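Tertiary structure, described
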Amino acid sequence: MSNPSRRTAASATTTARAPGEIRIIGGRWKRSKLPVPDAPGLRPTSDRVRETLFNWLGQTLTDWRVLDAFAGSGALGFEAASRGAAEVVMIERDARLAEGLRAVQRKLGAEAVRLHAADALAWMARGPRGHFDLVLLDPPFAAGLFDAALAAAVPLLTPDGLIYAESPHELTPPAGFTAWRQGRAGAVHYQLLRRSDNPGSAD
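Numbers given to residues run from 1 along each chain, matching the order in which its sequence is written. Predicted model: local features are reported for residues with pLDDT of at least 70 only, side-chain atom pairs are reported and counted for 80 or more only, and whole-chain, interface and lining totals are derived from all residues. The basis for the side-chain values is all heavy atoms of the structure; hydrogens and waters are excluded.

Re the sheet that holds strand β7 (residues 157-167)
- Note on pairing: two strands pair once DSSP finds at least 2 bridges between them. Only runs of H or I of at least four residues qualify as helices and only runs of E of at least two qualify as strands under DSSP, and these elements are numbered from the N terminus. One open sheet accounts for seven strands, arranged β5-β4-β3-β6-β7-β9-β8; its pairing is mixed. The two strands at the open ends of the sheet, each matched to only one other strand, are β5 (113-116) and β8 (177-185). When strand polarity is set aside, the average angle formed by the axes of neighbouring strands in this sheet is 15°.
- Across the sheet, helix α1 (residues 47-57) touches β6 (132-137), β7, β8 and β9 (188-195), and the angle it forms with β8 is around 150°.
- Working rule for contacts: check all heavy atoms of both residues, and any pair within 4.5 Å makes them a contact. Geometry is summarised by axes, namely lines fitted to C-alpha atoms with helices restricted to the contacting stretch, and by angles between N-to-C directions that run from 0 to 180 degrees. Of the strands in this sheet, β3 (65-68), β4 (87-91), β5, β6 and β7 are in contact with helix α2 (residues 75-82), which crosses β4 at around 170°.

Structure below.
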């Protein structure tokens with residue numbers, strides 16, 4: 001959720017301005033404010049979509065290990081940490097946004113959060129294999145990174161791991177995965193993917 005080209009879902013939304021702030025909607029830091037800089041194309045995941053996602057996931061993420069690969073405003077990653085995730089790795093390559101995330105981390109005392117100022121695809125290429133229970137993917141809509149991001153996420157997942165993705169169109173899951181849950185909010189399609197041969201315990 002970052003960098004100068006992010007989040008242009010369609011021509012109707014390219015001129016939309018990001019809100020000045022959003023709030024964490026559940027967990028330890030419920031109602032805490034997260035600043036949203038006026039960065040070109042920055043589009044935090046909306047309250048409605050985050051609420052739906054965490055309903056799918058079961059509200060609490062106690063002991064989960066989470067990767068927020070395109071962190072931007074931190075809306076998804078800090079929400080996961082607020083709901084009990086044991087580890088939340090945030091990747092953000094825009095220096096100004098990364099510094100803002102560090103400021104929020106310090107303000108909240110979010111000890112589970114680890115921030116890397118890096119390119120998400122490069123980081124995932126060398127990231128820990130079989131480590132994450134959930135990978136959050138919301139890359140720049142205009143950059144064409146969706147297939148590469150999905151492919152890079154798969155080796156990082158535990159056997160029961162899930163991928164959450166936002167995009168301007170319905171994505172084709174990577175080989176061996178299926179869309180377990182999906183929805184749409186305006187121009188944004190969002191999907192929760194899991195392995196086809198492992199239905200998991202969240203049903």
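Some points on the environment of G109
- Note that G109 resides in the loop between α3 (95-108) and β5.
- Between buried and exposed lies partly exposed: a residue is buried under 20% and exposed over 50% of the maximum accessible area for its type, with that area taken using a 1.4 Å probe on protein chains only. Look at G109 and you get partly exposed, because its relative accessible area is 33%.
- Discounting chain neighbours no more than four positions away, the residues touching G109 are R28 and W29.

Side note on the pairing of β3
- Judged from the four bridges that link them, β3 and β4 form a sheet pairing that is parallel. Across the sheet, V66 pairs through a bridge with V88, a residue of β4.
- Two elements, β3 and β6, share three bridges in a ladder whose sense is parallel. Considered in β6, the bridge of D68 is made with L136.

Quick look at α3
- Counted at 1.5 Å a residue, the expected span for α3 with its 14 residues is 20 Å, and the 20 Å between its end C-alpha atoms agrees.
- Among the residues of α3, L97, A98, L101, V104, Q105 and L108 are the ones counted as buried. All buried residues of α3 lie within an arc of 120° about the axis, which places them on one face of the element. Those residues of α3 that are exposed and aimed more than 90 degrees away from the buried face are A95, R96, R106 and K107.
- Here the buried face of α3 lies against β2 (33-35), α2, β4 and β5.
- At the N-terminal boundary of α3, the capping side chain belongs to D94, with an oxygen 3.0 Å from the backbone nitrogen of R96.
- Downstream of α3 by a residue or two, G109 has a phi angle that is positive, lying close to 65°. Multiplying one less than the number of residues by 1.5 Å gives the expected span of a helix. What the arc measures is the spread of directions leading from the helix axis to the C-beta atoms. A 3.5 Å cut-off defines polar contacts: any pair of N or O atoms within that distance qualifies, except that in protein one atom must be a possible hydrogen donor and the other a possible acceptor, and neighbouring residues in sequence count only when both atoms are side-chain atoms.

As far as function goes, none of this settles anything; it's purely spatial.
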